[in-house]
Amino acid sequence: MFVMSPIGIVTATELAFTVMFAALLIWSLANYLRTSFMHLHRHEGAELWQDKFRSVSLRLGYIGNTCWAFLFFPVTRGSSILPLVGLTSESSIKYHIWLGHLSMVLFSLHTIGFIIFWAMTDDLVEMVEWSRTYVSNVAGEIAILIALAMWMTSFPRVRRKMFEVFFYTHHLYILYILFYAIHVGVTYICMIAPGIFLFLIDRHLRFLQSRHRARLLSARLLPCQTLELNFSKSPGLSYNPTSIVFINVPSVSKLQWHPFTVNSNCNMEADKLSVVIKTEGSWSSKLYQKLSSDLDHLEVSVEGPYGPSTSHFLRHEQLVMVSGGSGITPFISIIRELIYQSQLQQGNSHVPSILLICAFKNSTDLTMLDLMLPLSGSSAQISGLQLQIEAYVTRDKEEAPVDTQEHTIQTRWFKPNPSDSPISAVLGPNNWLCLGAIISASFLMFLVFLGIVTRYYIYPVENNGSEEVYHWTFKVLWFLFLTCAAISVCSSAVFLWCKRQNGTVESKQIVNVEGQTPTTSPGSWIYGRDQELESFPHQSLVQATRVHFGARPNLTKILLECKGEDVGVLVCGPRKMRHEVAKICSSGLANNLHFEAISFNW
């Protein structure tokens, strides 16, 4: 692997595919130019070199179209394609970003080239042409302006500081697709149709799933401004560690959806799904304040969960997990899975040993360690797991005074609402079979609709004995409308059928269970090591944890001292930390280290 600025961490496989994709684009451009120069279309009043300049500008747009053919695959969350190559939507989002940057450069050159050509040939009036029979230049100009707005607000500096601006602007993709399709026409829209087709199916299914309110059982509020939401889930819903869900809280924002890591384990907690939220922005801060008040019910919508198709980390002999701040949350789900595996196999050596290196800014952040155990922590026995936790508090030089009130976890229980339902798979247990049925049926329905409209509506207009041609724009609008109609009908039908099939199972779900939960955080072990602990799991975690104040982990020393033959190194946290760990693993100083980054923002 390589760590290269500004693209970040790149594996050898990614580098090889990037080189091949670049070769494809270069070959395509060269082939387009060779063919076009051999049969160059001459324009009145233009010199030969000007016509060649126009041809180059045109072919750059064709190459941008090739990038667009792949643009939507990485952002299809419930993709049927990505799992086949071991990818998830969150791990491949960087490919969407790379393709977006590349296509924007190509489309910008395409647009600027044509404007220069029109200016050189005194034909700027072409900029306001909306042709009836050919490419609409105005539609292309509108599309590029929308794309520029989306592009400029997607850069990290804008996205991190003004997320709402990025979020709302990026939804202009609907208008962008519309005007882009009108500009290029039906023939070239077919080139990018597969990616958009699968994306629209996924987007409609997500819309249908989000219309239902999820049943929120409880919330744990940690003193480090972190909260854990515990939802009811269908027992048939299965997911792997490091999965994520997207959450919408209408009382905070009706439109915003935010991704969060699932820290629960579907095997250990068959009827609950939990997520961890760190208050780092305005949305999460408002949610924390709302939950801190006296609420008896909170409306929440959930999309997902989405995650890896396998628990591939189990193959390693040892796991070294490096986290910074809230980056510990995906590792909680892994630790819970390994706790379950150790109970299932009764100490079998196949379960890897764990070294967790977690860095926090303040002492109160240590309370996040409490989330390693479920809300009913007594059910999790960790004695069979080889676990060592090295916690580093970087800003506090010494142990803070004991403050029981400051380090107390608050638990909020919510009253059930009949309209809320447990979280379940969007298409039920047979998710892949139903998704395949939707894709096949909607495509066939689209072809039938398109054939009927073409034969009985468009064809008679163009073959009535006159020279009339059906409007270019209307053809595109028919294509888009029939695509959306077929997807909407088939997706809705299969979704409702699956909901009806699974409705009887969900109706038997336990509505709510109130129980005694710990009020003292094991993260406050450092403040009261001599106090009597409440449960055996908490005691085991105390013995496995060592806290270092006023220090940062020496990652090079720690990783190179790992003696196992097969050590999986997982990292989640700030960009600088991920790059440092990646450089150590790729340095060649230790051949037993196998790196993997876990981060929604690579």
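Residues numbered from 1 in each chain as written. Predicted model: local features only at pLDDT ≥ 70, side-chain atom pairs only at ≥ 80, totals over all residues. Heavy atoms only, no water.

Caption draft 1: Region of interest: the pattern of salt bridges. Scanning the entire structure with this criterion turns up 13 salt bridges. Among the ionic pairs, Asp271 bridges to Lys272, the shortest N-O distance being 3.8 Å. For Asp271, a relative accessible area of 30% corresponds to the partly exposed category. A relative accessible area of 21% means that Lys272 is categorised as partly exposed. In this structure, Lys557 engages Glu561 in a salt bridge whose closest nitrogen and oxygen atoms are separated by 2.9 Å. (Salt bridge = Lys/Arg side-chain N within 4 Å of Asp/Glu carboxyl O. Buried < 20%, exposed > 50% of the residue type's maximum accessible area, 1.4 Å probe, protein only.)

Caption draft 2: A look at empty space enclosed by the protein. Taken as a whole, this structure holds four cavities of 30 Å³ or more when the rule is applied. Approximately 110 Å³ is the volume attributed to the largest cavity. Considering the residues around the largest cavity, the lining is formed by Gln209, His212, Arg213, Ala214, Val302, Ser421, Pro422, Ile423, Ser424 and Lys499. Classifying every residue of the lining of the largest cavity gives four nonpolar, four polar and two charged. (1 Å grid on protein atoms, 1.4 Å probe; cavity = no way out; pocket = protein on both sides within 12 Å on 5 of 7 lines; lining within 4 Å. Points joined across faces, edges and corners; volume = space filled by probe spheres on them. Nonpolar A, V, L, I, M, F, W, Y, C, P; charged D, E, K, R; others polar.)

Caption draft 3: A look at the sheet that holds strand 6 (residues 244-248). Ordered in space as 3-9-6-7, the four strands form an open sheet in which the pairing is antiparallel. At either end of the open sheet lies a strand with only one pairing partner, and these are strand 3 (213-214) and strand 7 (258-261). (Pairing = 2+ DSSP bridges. Helix = DSSP H or I, 4+ residues; strand = E, 2+ residues; numbered from the N terminus.)

Caption draft 4: Region of interest: the sheet that holds strand 13 (residues 410-413). The four strands are arranged 8-5-4-13 in an open sheet whose pairing can be described as antiparallel. Sheet topology places strand 8 (272-278) and strand 13 at the edges, where each strand pairs with a single neighbour. Strand after strand, the sheet turns through a mean of 15° between neighbouring axes, direction not considered. As defined by bridge partners, strand 5 (residues 226-232) adjoins strand 8 across seven bridges and the pair is classed as antiparallel. Residue pairing for strand 8: Thr226 is matched across the bridge by Lys278. (Axes fitted to C-alpha atoms, helices over the stretch in contact; angles between N-to-C directions.)

Caption draft 5: Structural view of the environment of Leu570. Looking at the element boundaries, Leu570 is found in strand 15 (residues 567-572). For the pair Leu570 and Pro330, spaced 240 residues apart in sequence, the C-alpha separation works out to 10.0 Å. If we ignore the near neighbours within four places in the chain, the residues touching Leu570 are Leu319, Val320, Met321, Val322, Phe331, Ile334, Glu596 and Ile598. (Contact = heavy atoms within 4.5 Å.)

Caption draft 6: Quick peek at the packing of aromatic side chains. This structure, assessed with the given rule, holds 25 aromatic pairs. Ring centres of Tyr173 and Phe199 lie 5.7 Å apart, and the angle between their planes is 80°; this geometry places the pair in the edge-to-face category. One exposure class covers both Tyr173 and Phe199, and it is buried. Arranged with centres 6.2 Å apart and planes meeting at 75°, the rings of Trp478 and Phe481 form a pair that is edge-to-face. Within this pair, Trp478 and its partner Phe481 are both found in helix 11 (residues 472-507), separated by three residues, close to a single helical turn. Overall, the relative accessible area of 51% leaves Phe481 in the exposed class. (Phe/Tyr/Trp six-rings, centres within 6.5 Å; stacked < 30°, edge-to-face > 60°.)

Caption draft 7: Representation of the layout of surface pockets within the structure. Approximately 940 Å³ is the volume found for the second largest pocket. At the level of secondary structure, the elements contributing two or more residues to the lining of the second largest pocket comprise helix 2 (48-71), helix 3 (93-120), helix 4 (137-152), helix 7 (173-210) and helix 11. When residues of the lining of the second largest pocket are assigned to their parent elements, the largest contribution, eight residues, is made by helix 7. In terms of residue class, the lining of the second largest pocket is made up of 18 nonpolar, 12 polar and seven charged.

Caption draft 8: Here's a closer look at the packing of helix 4 against helix 7. Between helix 4 and helix 7, the least distance of the axes is 8 Å, while the angle of their chain directions is 150°. Judged by the inter-axis angle, helix 4 sits roughly antiparallel to helix 7. You can see that helix 4 and helix 7 cross each other, and the crossing is left-handed. Contacts from Asn137, Ala139, Gly140, Ile142, Ala143, Ile146, Ala147 and Met150 in helix 4 reach Tyr173, Leu175, Tyr176, Phe179, Tyr180, Ile182 and His183 in helix 7. Split by residue class, the contact of helix 4 with helix 7 holds 12 nonpolar, three polar and no charged. (Parallel < 35°, antiparallel > 145°, perpendicular 65-115°, else oblique. Left-handed = near helix turned anticlockwise from the far one by under 90°.)

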